[in-house]
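# Fold and geometry: a report
So you can see what is in the structure, the chains are spelled out below.
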Amino acid sequence: MAPSVQQLPEETLVVSTEKAVPIVVKTPEESPKVKRQINLEGGKTDAKYPQYLPTWNHGQKYPPLEPFNYIEHGKDADPSFKDLLPEGSKIQKLTPSIGSEVTGVQLSKLSPAGRDQLALLVAQRKVVAFRDQDFADIPAKDALEFGSHFGRHHIHPTSGSPEGYPELHIVHRYGPTGSEIDSFFDNRTSAVSWHSDVSYEAQPPGVTFLYIFDTPEVGGDTLFANQVEAYNRLSEPLKERLHRLKAVHSGFEQAQFSRDRGGVVRREPVKNEHPIVRTHPATGEKALYVNAGFTRSIVGLKKEESEALLAFLFNHIGRGVDYQARVRWAPKTVVAWDNRVTVHSATTDWRTGERRHLARITPQADAPYETPYVKIEEPVKT
């Protein structure tokens, strides 16, 4: 099995629309331990946005997530995208089946109708890169307000976050070679790890946003795979069989990895069962919903059977370069993708020590569900 996403050193590891209130654990003798990236750099930094450098507060503890009523904004959105893609904007496909790049649109200025259409566009194209955005420069609370349109903010249990904004998941890697990443490659040939973010939650994320602060001149691209097309490529008998199966998605390994490194665990880990084939509520498309990062086993199958079938599905997804896209980061880029119908992986391919620093807004969505299998009839040969 591919390495779990929480095992990769590519990044410094590092829910309602209302701000969650942490339970801060203190003893009379001492304050909670707080680790700050700025201190690891000696109190000064060349980060372009130092206010977004990660911190890890061991005193922050959050209760288990409760169910919430999710509204799918893409379902009834105007498919002409008139409020999202005005005259003068430009949209270009990255590949035929997945990925688009948009210029001439400012996401932070979108009306509610434009945000609804954004949800639909991302569901259709799976991942969309928006260039020349102002997310890095507007207040964090405004970026979070934008994200709250798409669901309840998820607070990551183990990642770093800027002080005061635990809803922002910080992706960060900085420093010379000869450290953690080289140790990682002593035992592995690749750091690629396809995953769908925190799929172990009962209501995992849907439309998700990642925006850049610092990036290497070359390297650190993000790869995306189309889970709808991965499903469509399977034979009809296998599709039909998968429709009757569920898989276990677990966050326990991620939490233990953080604990083993002296990291934070803000919320106790969970595991949940999700259908292997889920349906998107806006498009009706069926997609594979398994990933090497968090999917552990198939319910009802014996260990060897489960491992063999998951290994096939993981390999099928990972080798499908004809339904994958590669997004190259540039300053002022915001990438939006739908975690329900994609998997993604960072690439750890630069050795210059340049900083790679991003923030993720992760709205939760619907609980995964499946709709009945429908056989695709082959055209009659004449």
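Residues numbered from 1 in each chain as written. Predicted model: local features only at pLDDT ≥ 70, side-chain atom pairs only at ≥ 80, totals over all residues. Heavy atoms only, no water.

Among the secondary structure elements, lysine 61 is positioned in strand 4 (residues 60-61). Since its relative accessible area comes to 30%, lysine 61 is described here as partly exposed. With 205 residues separating them along the chain, lysine 61 and arginine 266 place their C-alpha atoms 4.5 Å apart. Here valine 265 takes part through its backbone oxygen, which lies 2.9 Å from a polar atom of the side chain of lysine 61. (Helix = DSSP H or I, 4+ residues; strand = E, 2+ residues; numbered from the N terminus. Buried < 20%, exposed > 50% of the residue type's maximum accessible area, 1.4 Å probe, protein only. Polar contact = N/O pair within 3.5 Å; in protein donor to acceptor, adjacent residues only side chain to side chain.)

What the three strands build is an open sheet, ordered 12-11-15; its pairing is antiparallel. Where the open sheet ends on each side, the last strands, each with one partner, are strand 12 (271-275) and strand 15 (295-298). Across the sheet, the axes of successive neighbouring strands diverge by a mean angle of 30°, strand direction being ignored. Note that strand 11 (residues 246-250) and strand 15 share three bridges and pair antiparallel. Opposite alanine 247, over in strand 15, you have isoleucine 298 as the bridge partner. (Pairing = 2+ DSSP bridges. Axes fitted to C-alpha atoms, helices over the stretch in contact; angles between N-to-C directions.)

This paragraph deals with the nonpolar core. Among the nonpolar cores identified, the biggest contains 35 residues, and Leu107, Leu118, Phe135, Phe209 and Tyr211 are the most heavily contacted of them. Where this core is concerned, the elements lending two or more residues are helix 2 (112-125), strand 7 (127-130), helix 3 (140-148), strand 9 (207-214), strand 17 (334-338) and strand 19 (356-361). Sort the elements by how many residues they give to this core and helix 2 lands first, with five residues. Once residues lying within four places of it in the same chain are set aside, the contact partners of leucine 118 are Leu84, Leu107, Leu110, Phe130, Phe146, Phe150 and Phe209. Core analysis: the next-biggest nonpolar cluster, separate from the first, contains 23 residues, Ala225, Ile298, Tyr323 and Tyr373 among them. (Core = buried A, V, L, I, M, F, W, Y, C linked by side-chain atoms within 4.5 Å. Contact = heavy atoms within 4.5 Å.)

As a further point, take the sheet that holds strand 16 (residues 324-327). Here three strands make up an open sheet; going across it, the order is 16-10-18 and the pairing antiparallel. Both edges of this open sheet fall to strand 16 and strand 18 (342-346), since each of them pairs with a single strand only. With direction set aside, neighbouring strand axes in the sheet form an average angle of 20°. Alignment of strand 10 (residues 222-226) against strand 18, held across five bridges, turns out to be antiparallel. Each bridged residue has a counterpart across the sheet, and for phenylalanine 224 the counterpart in strand 18 is histidine 344.

Glancing now at the pairing of strand 17. The buried fraction of strand 17 is high, at five of five residues. Of the two faces of strand 17, the one lined by Val334, Ala336 and Asp338 and the one lined by Val335 and Trp337 are each fully buried. Strand direction decides the pairing type here: strand 7 and strand 17, joined by four bridges, are antiparallel. When the bridges of strand 17 are listed, valine 128 appears paired with alanine 336. Bridge count between strand 9 and strand 17: five bridges; the pairing is antiparallel. What sits directly across from phenylalanine 209, in strand 17, is alanine 336.

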